[in-house]
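Spelled out from the first residue to the last, the chains are:
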Amino acid sequence: MPGWLQAGGWGLLAGSALLVGAALGWFAKVSRRVIASIMAFGAGVLLSAVSFDLIAEAHERGGLTATTIGAAGGALAYTGANVLLARGGARHRKRSGDQQPCEQEQPGSGSAIAVGALLDGVPESVVIGASLLAGGPVSLVTVVAVFLSNVPEGLSSAAGMRRAGRSRRYVFLLWTAIALVSGLAALLGYTLLGGTSPAVLATITALAAGAILAMIADTMVPEAFEDAHLLVGLITVLGFLTAFALSHA
């Protein structure tokens, strides 16, 4: 199978978890405490994948300077875009409670939330595609980490959208589109980054890692600790250790 097709398929698989989560968030009556717990696990998984897979790989390929510049640049780019989207009503796009504004309260917030969801998902998908460039198999740790973290993201966000009065059609069309874009982003990550030098590839990998770290702190951690209970910290560590074990399997 061609590498570009593999990259797109893996990206689509990881992105499809958003639809699984959205279905749970829309149709199932999941308590806020359970959502917080699931989000905590997803945050731990992604934190581990970024630390032991993406940042470590970037450092091995390009050294400390390229890794630092890339990660800082990714975090800066994500934060800047997120500030603009927050002004449009997308600040609480991953929240399951009443924080998301409805369209009547803030016109255009639905579009801002859709763009924000894209902003959250693209860096993850790009690194999935880029992981195939070495000629070996896809980074299974990255795919599993993104899949496991996408379920609570879709669940929490869909629950919040339902509370804000958005239609089922809007919610599922949005997450279907994001899943398809995830596959496309992974495909582009493979095709556009092929042939780049190790230093450039390391910088781009670190850039994606920095964006993902900023996203975790800005959108996942607040939801995880919205209804914090005594086991949230433990659940986060369990997610972290799950991804760590996969990276050393």
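Residues numbered from 1 in each chain as written. Predicted model: local features only at pLDDT ≥ 70, side-chain atom pairs only at ≥ 80, totals over all residues. Heavy atoms only, no water.

Formally: UniProt positions are given in the numbering used here, feature names are shortened, and annotations may be inferred rather than shown by experiment.
The name that an unreviewed UniProt entry assigns to the chain is Zinc transporter, ZIP family, with the source organism given as Micromonospora rhizosphaerae. The record in UniProt for the chain states the following under Subcellular location (unreviewed entry): "Cell membrane". Per UniProt, the comment on the chain under Sequence similarities (unreviewed entry) is "Belongs to the ZIP transporter (TC 2.A.5) family."

1. Let's talk about the overall build of the chain
As a reminder, the rule being used: In this text, helices come from DSSP runs of H or I with a minimum length of four residues, and strands from runs of E with a minimum of two, each type numbered from the N-terminal end. For the radius of gyration, the atoms used are the C-alpha atoms, and the globule rule reads 2.2 Å times the number of residues raised to 0.38. A 1.4 Å probe rolled over the protein chains alone gives each residue an accessible area, and that area as a share of the maximum for its type sets the label: buried under 20%, exposed over 50%, partly exposed in between. Any pair of residues with heavy atoms lying within 4.5 Å of one another is described as a contacting pair. Computed with the Shrake-Rupley method and a 1.4 Å probe, the accessible areas treat only the protein chains shown as cover for residues.
Check the secondary structure of the chain and you find seven helices and zero strands. Starting at the N terminus and walking to the C terminus, you meet the elements of the chain as α-α-α-α-α-α-α. A compact globule built from 249 residues should have a C-alpha radius of gyration of about 18 Å, and the chain, at 17 Å, falls within 12% of that. Dimensions of the chain along its principal axes, counting C-alpha atoms only, are 50 × 35 × 35 Å. With 249 residues in all, the chain has 48% of them scored as buried. When contacts within the chain are restricted to residue pairs at least 6 apart in sequence, those whose partners lie at least 24 apart make up 85%. In the structure as shown, the chain presents an accessible area of about 10,700 Å², 70% of it carried by carbon and sulfur atoms.

2. Here's the deal with helix α1 (residues 3-27)
The cut-off we apply is this: Expected span of a helix, by definition, is 1.5 Å for each gap between consecutive residues, and there is one gap fewer than residues.
For α1, built from 25 residues, the straight-helix expectation of 36 Å at 1.5 Å per residue is met to within 8% by its first-to-last C-alpha distance of 37 Å. Of the positions making up α1, those classed as buried are G3, A7, G8, G11, A14, G15, A17, L18, G21, A22, G25 and W26.

3. Considerations on a nonpolar patch on the surface
Formally: Residues forming no salt bridge and having over 30% relative accessible area are the ones grouped into patches, like charges within 9 Å of each other and nonpolar side chains (Val, Leu, Ile, Met, Phe, Trp, Tyr) within 5 Å. For this document, the term salt bridge refers to a Lys or Arg side-chain nitrogen within 4 Å of an Asp or Glu carboxyl oxygen.
Among the surface-exposed residues, F52, V237, L241 and F244 lie close enough to one another that they form a single nonpolar patch of about 330 Å² accessible area. For the nonpolar patch, the leading source of residues is helix α7 (residues 232-247), giving three residues. By secondary structure assignment, the location of V237 is in helix α7.

4. Focus: the nonpolar core
Filter applied, for reference: Residue types Ala, Val, Leu, Ile, Met, Phe, Trp, Tyr and Cys, when buried and joined through side-chain atoms within 4.5 Å, form a set referred to as a nonpolar core.
Residues L46, V171, W175, I212 and M220 are the most contacted members of the largest nonpolar core, which totals 39 residues. Within the residue set of this core, elements represented by two or more residues are α1, α2 (32-90), α3 (109-130), α4 (140-163), α5 (168-193), α6 (198-224) and α7. For this core, the element with the highest residue contribution is α2, accounting for 11 residues. Not counting chain neighbours up to four residues away, the residues in contact with L46 comprise E124, A145, S149, E153, I212, M215, I216 and M220. Core analysis: the second largest hydrophobic core is formed by eight residues, I128, V138, V146 and A186 among them.

5. Topic: α4
The α-helix advances 3.6 residues per turn, and as a result positions three or four apart in sequence lie on the same side. In this model, α4 (24 residues) spans 35 Å end to end at C-alpha, consistent with the 34 Å of a helix rising 1.5 Å per residue. The element α4 is extensively covered by neighbouring structure, given that 18 of its 24 residues are classed as buried. Just beyond α4, the residue with positive phi is G165, at close to 90°.

6. Topic: the packing of α4 against α5
Put simply, the rule is: To define axes, lines are fitted to C-alpha atoms, for helices over the stretch in contact only, and angles between the resulting N-to-C directions are given on a 0 to 180 degree scale. Roughly parallel means an angle under 35 degrees; roughly antiparallel, over 145; roughly perpendicular, 65 to 115; everything else is oblique. Here is the rule for handedness: rotate from the far helix to the near one, and if that takes an anticlockwise turn smaller than a right angle the crossing is left-handed, while a clockwise turn gives right-handed. Each residue receives one of three labels: charged for Asp, Glu, Lys and Arg, nonpolar for Ala, Val, Leu, Ile, Met, Phe, Trp, Tyr, Cys and Pro, and polar for the others, Gly being one of them.
Where α4 meets α5, the axes come as close as 10 Å, and the angle between the chain directions of the two elements is 150°. Classified by the angle their axes make, α4 and α5 are roughly antiparallel. Every pair of crossing elements has a handedness; the one defined by α4 and α5 is right-handed. Across the interface between the two elements, G154, S157, A158 and M161 from α4 touch Y170, V171, L174 and W175 from α5. Here the residues of the contact of α4 with α5 sort into six nonpolar, two polar and no charged.

7. Considerations on the packing of aromatic side chains
What counts here: In summary, the pairing rule links any two rings of Phe, Tyr or Trp, Trp by its six-membered ring, whose centres are within 6.5 Å, and it sorts them by plane angle into stacked for under 30 degrees, edge-to-face for over 60 and tilted for everything else.
Scanning the model with the defined rule gives four aromatic pairs in all. For the ring pair W26 and F172, a centre distance of 6.4 Å and an interplane angle of 75° mean the geometry is edge-to-face. A residue pair is termed long-range when its members are at least 10 positions apart, and W26 in helix α1 and F172 in helix α5 qualify at 146 residues. Accessibility classification places W26 together with F172 in one group, the buried group. Look at F52 and F240: their rings are 5.6 Å apart centre to centre, the planes differ by 70°, and that puts the pair in the edge-to-face class. On the criterion of sequence distance, the pair formed by F52 in helix α2 and F240 in helix α7 is long-range, its members being 188 residues apart. A relative accessible area of 26% places F240 in the partly exposed class. Joined through ring pairs, the aromatic side chains of W26, F27 and F172 make up one cluster.

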